[in-house]
Amino acid sequence: MAVRIRRTFSSATLLVALVLGFVVTNLVIALSPGYGLTLSALVASGAITGVMWSLVAVYAMRIAPPEQAGRALAVAMAGTPIGFAVGVPAGTALGELVGWRWSFAAMGLVAVPLLCWILLAVPAVTTEPFRATRDALPMLRPILLMVFTYSLGHNVLYTYLGPALARLAQEELLSTALLVFGAAAVGGILAVGSTVDRNPRAVLGWCPLLTAAGIVVLAVSDDAATTLAACAVWGLAFGGAPTAFQSVTALIAGRDADRAQSLTIAAWNGAVAGGAAVGGVVLDTAAPALTWTAAALMAVPFWVATRLPVSGSATTARG
């Protein structure tokens, strides 16, 4: 009975439920009278976002023509760097102008038109029952290692970009650097979307390599132009990385892509918290090593990418 329910359950139904949950939790945060309720709603909203991220990745690939699955994923994931480039500064500005509660209320209200659009226009996709195949799981382990270490290295520095720029006496560049980073990340998504279907392993290798290069240039920068150029290279690589990771995860997992994507997202989000913690320790104990620590961590995903036996197209995620 459980398997039959899984087979007939529409991903659109789950997507609607997740967006509705996002609306409700953000409105609860905006209206919350106390810390306990606010914290609980924040945790719930974060969990919903994580599940939604993994679902949207597979969803986009399944509703697109097989030969355009990677490009469809790139388009779907474009919201992440756009959020970094536009959403974060806008939310911060709104919070400073009218208070943090209005920022959360705005996020909840903005999602209402999205909910209506999903109900009216997004086609249903039937989910497949999860089957942990012996072939898929061993190959997912290096992918998860690669995702975790890349996200860890990125967040070690990105979380503390302000202090890192202050050490270069360029703290006034923070807003501009974030804008450049976000704009370049959009370009990275477009670039990866057009190439990941043809050569996934090369894309996986270039993302950590370019990220490390951008971070190293940032570490030795002594002028604004070099700093912004370094952020552009870093952003370009970062924009393409999640799309590449999820495409290869889908390629390896095949019909098990839904559950496999959730593992990828869990590894990524776990490293976000881990990167903030590691970066904080490094900043407190050896601040000059912050950028070098982030760059050094990129050696792990690059090494894994060069040894990952993947080829072909991510379109196998469609089943």
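Residues numbered from 1 in each chain as written. Predicted model: local features only at pLDDT ≥ 70, side-chain atom pairs only at ≥ 80, totals over all residues. Heavy atoms only, no water.

The name an unreviewed UniProt entry assigns to the protein is MFS transporter, from the organism Lentzea miocenica. Its UniProt record, at the heading Subcellular location (unreviewed entry), says of the protein: "Cell membrane". (UniProt positions renumbered as here; feature names shortened; annotations may be inferred.)

Okay, the nonpolar core next. One finds M146, Y150, L157, L204, L218, W234 and F245 to be the most contacted residues of the largest nonpolar core, which totals 44 residues. Counting residues per element, the ones that place at least two in this core are α7 (136-158), α8 (161-167), α9 (174-195), α10 (200-220), α11 (224-253), α12 (257-286), α13 (290-297) and α14 (299-306). If you tally residues by element for this core, the top one is α11, at ten residues. (Core = buried A, V, L, I, M, F, W, Y, C linked by side-chain atoms within 4.5 Å. Buried < 20%, exposed > 50% of the residue type's maximum accessible area, 1.4 Å probe, protein only. Helix = DSSP H or I, 4+ residues; strand = E, 2+ residues; numbered from the N terminus.)

Take the side chain of Q170 next. Note on placement: Q170 falls in the loop between α8 and α9. The exposure class of Q170 is buried, given its relative accessible area of 5%. At 2.5 Å, the side chain of Q170 forms a polar contact with the side chain of T227. Excluding anything up to four places from it in sequence, Q170 contacts L165, S221, D222, D223, A224 and T227. (Polar contact = N/O pair within 3.5 Å; in protein donor to acceptor, adjacent residues only side chain to side chain. Contact = heavy atoms within 4.5 Å.)

Before going further, it helps to examine helix α6 (residues 100-121). The α-helix advances 3.6 residues per turn, and as a result positions three or four apart in sequence lie on the same side. Along its 22 residues, α6 runs 33 Å from first to last C-alpha, staying within 8% of the 32 Å computed at 1.5 Å per residue. All of the buried residues in α6 are S103, A105, G108, A111, L115 and I118. (Expected span 1.5 Å × (residues − 1).)

Attention shifts here to the packing of α13 against α14. The geometry of α13 relative to α14 is characterised by a closest axis approach of 4 Å and an angle of 10 degrees between their N-to-C directions. It follows that α13 is roughly parallel to α14 by the angle criterion. In this structure, α13 uses A295, A296 and L297 to contact α14, whose residues at the interface are A299, V300 and P301. Across the contact of α13 with α14, the residue classes tally to six nonpolar, no polar and no charged. (Axes fitted to C-alpha atoms, helices over the stretch in contact; angles between N-to-C directions. Parallel < 35°, antiparallel > 145°, perpendicular 65-115°, else oblique. Nonpolar A, V, L, I, M, F, W, Y, C, P; charged D, E, K, R; others polar.)

We now examine the packing of α10 against α13. For the pair α10 and α13, interaxial distance at closest approach is 9 Å and the crossing angle is 165 degrees. Relative to α13, the element α10 lies roughly antiparallel. Between α10 and α13 lies a crossing of left-handed hand. Contacts between α10 and α13 involve A212, I215, V216, A219 and V220 from the former and T291, W292, A294 and A295 from the latter. Here the residues of the contact of α10 with α13 are counted per class, giving eight nonpolar, one polar and no charged. (Left-handed = near helix turned anticlockwise from the far one by under 90°.)

What follows deals with α13. L290, T291, A294 and A295 are the residues of α13 that are buried. Axial view of α13: buried residues confined to an arc of 130 degrees, hence all on one face. (Arc of directions from axis to C-beta.)

Time to look at the environment of S247. Mapped onto the secondary structure, S247 falls in helix α11. Using a relative accessible area of 1% as the deciding quantity, one classes S247 as buried. Separated by 186 residues in the primary sequence, S247 and M61 have C-alpha atoms spaced 8.7 Å apart.

Counted according to the given criterion, the structure contains nine aromatic pairs. Taken together, the ring pairs in this structure connect Y150, Y158, F181, W234, F238, F245 and W268 into an aromatic cluster. (Phe/Tyr/Trp six-rings, centres within 6.5 Å; stacked < 30°, edge-to-face > 60°.)

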